[in-house]
Amino acid sequence: MTNFTWLLDQYRHLLNLPAHTARVTLHEGHTPLIPAPSLAGALGGGFQLWIKYEGLNPTGSFKDRGMTAAISEALGRGAKSVICASTGNTAASAAAYAARAGMQAVVLIPQGKVAAGKLAGAVAYGAQVVQVDGSFDQALAMVVALTEKHPLALVNSINPYRIEGQKTAAFEICDALGTAPDWLCLPVGNAGNITAYWAGFKGYHAVQATGLPQVLGVQAQGSAPLVLGHPVDHPETVATAIRIGKPARGEEALLAAEESGGRIIAVSDDDILAMQKLLASSEGIWVEPASAAGLAGLAQEIAGGRFDPHGQRIVAVCTGHGLKDPGIITQGGIQLESIPPELGALEAVIRS
Ligand code: AN7
């Protein structure tokens with residue numbers, strides 16, 4: 001017997017999971033909260049910054065926290081198949097947990113807009129991958145309509161157990177810091193995660209008096225329905241994970257920002273990519289583009305004088321691993337020095 005506690009057992013007293021919930025786990029969660037002093041310095045300093053590195057989950061994104069709950073509940077009530085629409089990470093996660101549970105997974109993805117590491121994962125885990133010549137939002141509407149007619153379990157974050165599972169990240173942050181941080185920054189796409197964090201912090205505060213953070217939710221400028229105040233029919237962004245124009249939990253996201261005294265803002269693709277590089281080169285943490293959006297938003301607010309970080313304890317959630325989307329780094333071609341296998345040639349080119 002190894003000494004293992006399932007994430008959802010560890011926090012069971014804080015979660016609303018039905019008694020029939022089975023246990024399908026890949027040992028998700030328990031991700032590190034990594035101090036980022038160099039990056040904090042690059043943003044002006046005077047505050048404490050941590051990265052909640054969710055890319056270290058079993059399939060490389062935070063989705064695994066919610067998926068262990070959703071698939072466990074579905075298995076426990078006898079579901080044979082699960083289905084989701086996805087910009088990629090939910091697809092890979094659903095596929096992995098369905099495989100683990102001995103269930104079939106069907107995933108709908110927007111054609112040509114899913115990063116290679118995510119698509120490869122969904123295929124490797126054995127899901128049926130269907131591409132839709134349309135947006136994520138259209139694919140999600142199709143999945144919702146289909147599950148009203150057919151007995152497949154829907155595992156998008158409309159599923160309440162996804163939210164229950166994802167609350168655990170907020171609990172872990174409070175456990176690591178002793179209290180909630182002053183600010184939480186995170187990317188917002190379909191708005192399940194910001195909803196889960198806010199519910200998680202509130203739930204933990206109710207029993208442990210850990211306090212509540214202010215929440216900064218960040219969308220990409222080309223896919224910013226919550227900033228614009230209306231759906232976006234043709235969302236675009238290099239951060240394909242959050243290329244979403246009609247967030248299923250948009251109202252809850254706006255409420256989380258408002259209740260917490262925070263806000264939801266938008267950042268440009270250039271700023272997202274610049275932050276991805278800065279985080280990797282200053283802290284050794286490589287995340288996928290969407291995952292750099294929260295930090296890009298923080299940087300934008302500090303630079304614009306809208307946010308005084310002095311003395312604050314700030315946590316940025318980095319939702320997915322850089323390996324999910326290697327093409328973003330290599331797409332322009334990488335210029336490498338090439339030398340013959342001779343020591344002199346090496347001595348001539350090394351720069352340090
Ligand atoms: C890396 O996989 O929507 O606001 O279908 O993959 O809870 O949607 C992914 C979303 C942030 C946004 N960061 O979270 C999907 C999907 C990464 C993501 C988000 C996603 P939500």
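Residues numbered from 1 in each chain as written. Predicted model: local features only at pLDDT ≥ 70, side-chain atom pairs only at ≥ 80, totals over all residues. Heavy atoms only, no water.

Peer 1: Sorry if this is basic, but what is going on with the environment of Ile272 here?
Peer 2: Considering the arrangement of structural elements, one finds Ile272 in helix α12 (residues 269–283). Residues Ile272 and Ala224, 48 residues apart in the sequence, show an inter-C-alpha distance of 14 Å. Not counting residues up to four positions away in its chain, the partners in contact with Ile272 are Ala220, Ala239, Val267, Pro289, Ala292, Ala293 and Ala296. (Helix = DSSP H or I, 4+ residues; strand = E, 2+ residues; numbered from the N terminus. Contact = heavy atoms within 4.5 Å.)

Peer 1: What exactly am I supposed to notice about helix α5 (residues 116–124) here?
Peer 2: Since there are 3.6 residues in each turn of an α-helix, residues three or four apart along the chain are aligned in direction. Lys118, Gly121 and Ala122 are the residues of α5 that are buried. One face of α5 carries all of its buried residues, which in axial projection span an arc of 95°. Away from its buried face by more than 90 degrees, α5 exposes Ala116, Val123 and Ala124. Summarising the contacts, the buried residues of α5 are in contact with α4 (89–101), β4 (104–110) and β5 (128–132). A positive phi of about 90° marks Gly126, the residue just after α5. (Buried < 20%, exposed > 50% of the residue type's maximum accessible area, 1.4 Å probe, protein only. Arc of directions from axis to C-beta.)

Peer 1: Help me understand the sheet that holds β4 in this model?
Peer 2: Strand pairing within a sheet occurs via backbone hydrogen bonds; the two strands may be parallel or antiparallel. On the basis of which strands lie adjacent, the open sheet formed by four strands has the order β5-β4-β3-β6 and parallel pairing. At either margin of the open sheet sits one strand with a lone partner, and together these are β5 and β6 (153–154). Examined bridge by bridge, strand β3 (residues 81–85) and β6 share two bridges and lie parallel to one another. Note that in β6 the partner of Ile83 across the bridge is Leu154. The strands touched by helix α6 (residues 136–149) within the sheet are β3, β4, β5 and β6, with β3 carrying the most contacts at an inclination of about 150°. (Pairing = 2+ DSSP bridges. Axes fitted to C-alpha atoms, helices over the stretch in contact; angles between N-to-C directions.)

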